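One letter stands for each residue in the lines below.
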Amino acid sequence: MKSLSYLNKYFFKYRWRLLLGILCIIAGNYFGARIPAIIGESMNVLKGDKPISAGQTLFWVALGLAGMAILFNIIKGFFLFLTRQTLIVMSRYIEFDLKNEIFEKYQQLDYSFYKSQSTGDLMNRISEDVSQVRQYLGPGIMYSINLIALFPFSLYEMLKINTELALYALAPLPIMACLIYLVSNRMNKLSKEVQQEQSRLSTLGQETFSGIRVIKAYIQEKHAKQNFEESSKTYLKKTMRLVRTNALFMPTISLLIGTSTLLSIYIGGLLTFDKFSGVTTGNIITIILLIYNLTWPFASIGWVTSINQRAAASQERINEFLRTEPAIKNQSEAPLEEFREIRFKDMSFRYKPELPDVLSNINFTLKRGETLGIIGKTGSGKSTLLQLIVRQLDPSSGEVVYNSQKLSSVNLPAYRKQLSVVPQDVFLFSDTIYNNIAFGALDLESTTREEIVSAAKHAHVLHNIEAFPDKFETLLGERGVNLSGGQKQRVSIARALIRKPHILLLDDCLSAVDTETEEIILGNLKQLNKENQTTSVIVSHRISSLRNADYILVLENGRIVEEGKPADLLQTNSQYRELYDKQLMEEPEVFED
Ligand SMILES: Nc1ncnc2c1ncn2[C@@H]1O[C@H](COP(=O)(O)OP(=O)(O)OP(=O)(O)O)[C@@H](O)[C@H]1O
Ligand SMILES: [Mg+2]
């Protein structure tokens, strides 16, 4: 339960609402506990057990009592309404705040955190776990306070009648609370299993739909159907178990309430024969009604305990992650020095301590205005190197230096503001093409349409966009248009250009365009880079992409095996030269027809 104390700060924030809610519960229960006594009183009057004072007629007394019962019910209802308006609304506000707090934390955490978590888990924290916690904040708290407020009033009314009768009538209630707790616990356990099964089922469905092209091409429909059927069967089995346990809930309550009613009638009946006890038939009715009033609040002890336990487990998961510190943190608020160079000094990097180095002993300098080309076989560490430049990763040993300062100690947001990255796995949002490009701008508000158009033009994708009926307003994503691989890459380049970056990092982002288009884009980039004095790093498998590079690094197994100016590399018997000969000899054939 300790984990739930994290939420106290929110209770403090909404303290007036909470206080008002508590007052409403107390008031509502006061009137609620009075009603059985009024009904019992009416019975006594009607049966003649209680004489009416002189000058009153039976009709008017009975009518007065009935009116009072109705009035008290209305007042009770009104306070109940206010209770929900305050406490349940408070729980919704806290849910809102907590979700935002978690989402904000998600935004602070770095790439390595996301690599170690599954998307389903991340989504669960913000939806499933928060809604468990809300159960505690809303119903959990409301029912607990409700019982605490109702019980003394009811007990007082019962003791006023007869102590012995009160004790007998109340005896089954604690037993009921324990049984309900056991049943609720089992229900919670089972419903969790059902939920897990359901999310497995929907993941399976989702995967099948998104991979439908592969499934059909490999004629695996039957297999997919079998898979789904099996999962569906497990789901059914678990649901049936839940239903069976669920069915125990109401009978348990009825059994114990029935016992209590029987005891009240039996003991009460005996007492009415005892002249000295002063117990009347009306009193028995009062007691039975009071017990009925207490039924749900008592049952809720079991239920609330069980939801509180679940909430505590969920909050523990939330706390654990709120405590996670991002590995990459901004260390400085100082203004950023103007960019002159980035230098890698004996830098090595590994993703985890137990894994081997992905990059070892890297030394090179990226100078302002220069274009650096990085080429190497797949898996040689090119993308990792770019992530180190962006500071999405920090070196395991050695350092990355910005001008003369360690990159890890410069103002990170300011540093990233001058960068633009086109990642290898292009990501576009389910939004319009216009917004997808504008996303790259530093200042969204002041970005003009002309700038967007010009970025698209430089990325050589404008003619494609204009061919769509909705042009820049074309929706991308699941329910929108699907762009081809090469179109996606070029929209992504346009997004990088709109920022007018000082440093432009392109990770194999021309791999899906033909060499002719590549040439046009590279030409545009060359001109832009010259105009804006942009420094750029181009990663590629293809020699042709690196034609504008001033300096080349050849990576192999995480090491720089060759480096130098392209012209110099061509003079020697280098790997670069070998690739050059092989690729540029193949190239003309591609365009012959
Ligand atoms: N998050 C990660 N955790 C562990 N290992 C990783 C991770 N990301 C990449 N690697 C490993 O690091 C090595 C270098 O990967 P990287 O993506 O930098 O290669 P690359 O040169 O960009 O390859 P490609 O040309 O195919 O894009 C690979 O062996 C890869 O398996
Ligand atoms: Mg890569």
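Conventions adopted
- Residues numbered from 1 in each chain as written.
- Chains lettered and ligands numbered in written order.
- Predicted model: local features only at pLDDT ≥ 70, side-chain atom pairs only at ≥ 80, totals over all residues.
- Heavy atoms only, no water.
- Helix = DSSP H or I, 4+ residues; strand = E, 2+ residues; numbered from the N terminus.
- Donors = N, O, S within 2.8 Å, 3.2 Å for Na, K, Ca; no water.
- Buried < 20%, exposed > 50% of the residue type's maximum accessible area, 1.4 Å probe, protein only.
- Axes fitted to C-alpha atoms, helices over the stretch in contact; angles between N-to-C directions.
- Parallel < 35°, antiparallel > 145°, perpendicular 65-115°, else oblique.
- Left-handed = near helix turned anticlockwise from the far one by under 90°.
- Contact = heavy atoms within 4.5 Å.
- Nonpolar A, V, L, I, M, F, W, Y, C, P; charged D, E, K, R; others polar.
- Salt bridge = Lys/Arg side-chain N within 4 Å of Asp/Glu carboxyl O.
- Polar contact = N/O pair within 3.5 Å; in protein donor to acceptor, adjacent residues only side chain to side chain.
- Phe/Tyr/Trp six-rings, centres within 6.5 Å; stacked < 30°, edge-to-face > 60°.
- Lys NZ or Arg CZ within 6 Å of the ring centre and 35° of its normal.
- Core = buried A, V, L, I, M, F, W, Y, C linked by side-chain atoms within 4.5 Å.
- Arc of directions from axis to C-beta.
- Near = heavy atom within 4 Å.
- Areas by Shrake-Rupley, 256 points an atom, 1.4 Å probe, with all protein chains shown as cover.
- Pairing = 2+ DSSP bridges.
- Right-handed = clockwise from strand over helix to strand, strands pointing away.
- Domains from an automatic or database assignment.

**Quick notes on unusual backbone geometry**
Located in the positive-phi region is Ile-219, a residue other than glycine, with phi close to 45 degrees. Among the structural elements, Ile-219 can be located in the loop between helix 8 (212-217) and helix 9 (221-273). You will see that Lys-471, though not glycine, has its phi angle at about 50 degrees, which is positive. Note that Lys-471 resides in the loop between helix 15 (462-467) and helix 16 (485-497).

**So, the coordination of the magnesium ion (ligand 2)**
For a metal bound by four donors in tetrahedral geometry, the ideal donor-metal-donor angle is 109.5 degrees, whereas six donors in octahedral geometry ideally sit at 90 or 180 degrees. In the first shell of the magnesium ion (ligand 2), the protein supplies Ser-383 (OG) and Gln-424 (OE1), at 1.9 to 2.1 Å from the metal. Here Ser-383, found in helix 11 (residues 382-390), pairs with Gln-424, found in the loop between strand 6 (419-422) and helix 13 (433-438); they are 41 residues apart in sequence, far enough to count as distant. Judged by relative accessible area, which is 24%, Ser-383 ranks as partly exposed.

**Section: the packing of helix 9 against helix 10 (residues 281-322)**
At their nearest, the axes of helix 9 and helix 10 sit 10 Å apart, and the two run at 155 degrees to each other. Of the possible angle classes, the one that applies to helix 9 and helix 10 is roughly antiparallel. As helix 9 packs across helix 10, the resulting crossing turns out to be right-handed. Counting all contacts with helix 9, which are made through Phe-249, Ile-253, Ile-257, Ser-260, Thr-261, Ser-264, Ile-265, Gly-268, Gly-269 and Thr-272, the residues of helix 10 involved are Thr-281, Ile-284, Ile-287, Ile-288, Ile-291, Tyr-292, Thr-295, Trp-296 and Ala-299. Counted by class, the contact of helix 9 with helix 10 contains eleven nonpolar, eight polar and no charged residues.

**Overview of the pattern of salt bridges**
Pairing between side chains becomes possible if they bear opposite charge and their charged atoms approach one another. Summed over all chains, the structure comprises 24 salt bridges. Linking Asp-129 and Arg-317 is a salt bridge whose minimum nitrogen-to-oxygen distance equals 2.8 Å. Placement of Asp-129 in helix 5 (residues 119-161) and of Arg-317 in helix 10 is noted, with a sequence separation of 188 residues between them. The salt bridge involving Lys-238 is made with Glu-193; its shortest N-O contact spans 3.9 Å. In this pair, Lys-238 is assigned in helix 9 and Glu-193 in helix 7 (residues 172-210), connecting sequence segments 45 residues apart. Salt bridges sharing partners connect three or more residues here, namely Glu-193, Glu-197, Arg-200, Lys-238 and Arg-241.

**What about the side chain of Ser-545?**
Position of Ser-545 among the secondary structure elements: in the loop between strand 8 (535-540) and strand 9 (551-556). For Ser-545, a relative accessible area of 3% puts it in the buried group. A polar atom in the side chain of Ser-545 sits 3.2 Å from the side chain of Ser-540. Beyond its immediate sequence surroundings of up to four residues, Ser-545 is in contact with Glu-518, Leu-522, Ile-538 and Ser-540.

**Section: the packing of aromatic side chains**
What the rule picks out here adds up to 19 aromatic pairs. Seen from their ring centres, Phe-344 and Phe-364 are 4.7 Å apart, and the 15 degrees between their planes marks the pair as stacked. Here Phe-364 lies in strand 2 (residues 359-367) and Phe-344 lies in strand 1 (residues 341-349), a separation of 20 residues in the sequence. Take Phe-344 and Phe-364: they sit in the same class, and that class is buried. Taken together, the ring pairs connect Tyr-30, Phe-31, Phe-72, Phe-78, Phe-79 and Phe-153 into an aromatic cluster. The aromatic ring of Phe-12 is capped on one face by Arg-15, whose charged end is 4.1 Å from the ring centroid.

**Remarks on the nonpolar core**
Membership of the largest hydrophobic core comes to 42 residues, with the highest contact counts inside it found for Ile-437, Phe-472, Ile-493 and Ile-552. Take this core: its biggest share by element is five residues, from helix 16. Excluding anything up to four places from it in sequence, Ile-493 contacts Val-422, Ala-459, Cys-509, Leu-510 and Ile-521.

**Here we look at helix 14 (residues 449-458)**
Inspection of helix 14 places Ile-452, Ala-455 and Ala-456 among the buried residues, and these make up the whole buried set. Buried residues of helix 14, seen end-on, are gathered within an arc of 100 degrees and therefore sit on one face of the element. Helix 14 presents Glu-450 and Lys-457 as exposed residues on the side facing more than 90 degrees away from its buried surface. Those residues of helix 14 hidden inside the fold are in contact with helix 13, helix 15 and helix 16.

**Let's talk about the site of ligand 1**
Lining the immediate surroundings of ligand 1 are 14 residues, of which Thr-378, Lys-382, Ser-383, Thr-384 and Gln-424 lie closest. Between ligand 1 and Gly-379 there is a distance of 2.8 Å, counted from an oxygen atom to a backbone nitrogen or oxygen. Here an oxygen atom of ligand 1 sits 2.7 Å away from a polar atom, N or O, in the side chain of Ser-383. Here ligand 1, which alone exposes 640 Å², has 65% of that area covered by the protein. When grouped by side-chain class, the residues that make up the shell around ligand 1 number three nonpolar, eight polar and three charged.

**Considering the pairing of strand 7 (residues 503-507)**
Of all five residues that make up strand 7, five are buried, and the element is covered over most of its length. Both faces of strand 7 are covered, namely the face carrying Ile-503, Leu-505 and Asp-507 and the face carrying Leu-504 and Leu-506. Summarising the sheet, strand 7 and strand 8 pair through five bridges and their orientation is parallel. When the sheet's bridge partners are listed, Leu-506 is paired in strand 8 with Ile-538. In terms of handedness, the path from strand 7 via helix 17 (residues 515-532) over to strand 8 forms a crossover that is right-handed.

**A closer look at the sheet that holds strand 8**
One open sheet accounts for six strands, arranged 6-7-8-3-9-10; its pairing is mixed. Either end of the sheet is taken by a strand with one partner, and the two such strands are strand 6 and strand 10 (559-564). Neighbour-to-neighbour, the strand axes of the sheet open up by a mean angle of 15 degrees, direction not taken into account. Sitting on the sheet, helix 16 is in contact with strand 6 and strand 7, with an inclination near 175 degrees to strand 6.

**Side note on the sheet that holds strand 2**
Within the open sheet, the four strands sit side by side as 2-1-4-5. Their pairing is antiparallel. For this open sheet the edge positions go to strand 2 and strand 5 (405-406), each flanked by a neighbour on one side alone. With two bridges connecting them, strand 4 (residues 397-402) and strand 5 associate as antiparallel partners. Its bridge partner lying in strand 5, Val-401 is registered against Lys-406. Against the sheet, helix 11 engages strand 1 and strand 2, with an angle of about 125 degrees to strand 1.

**Notes on the domain arrangement of the chain**
If you check the domain split of the chain, you get domain 1 (2-195 + 244-322) and domain 2 (329-418 + 549-587). A separation of 64 Å is found between the C-alpha centroids of domain 1 and domain 2.

**Quick notes on the pairing of strand 3 (residues 371-376)**
On any regular strand, side chains alternate: one points to one face of the sheet, the next to the other face. In terms of burial, strand 3 is largely enclosed, as six of its six residues are buried. Side-chain alternation along strand 3 places Thr-371, Gly-373 and Ile-375 on one buried face and Leu-372, Ile-374 and Gly-376 on a second face that is also buried. As judged from the five bridges shared by strand 3 and strand 9, these two strands associate in the parallel manner. For Ile-374, the partnering residue across the bridge sits in strand 9 and is Leu-553.

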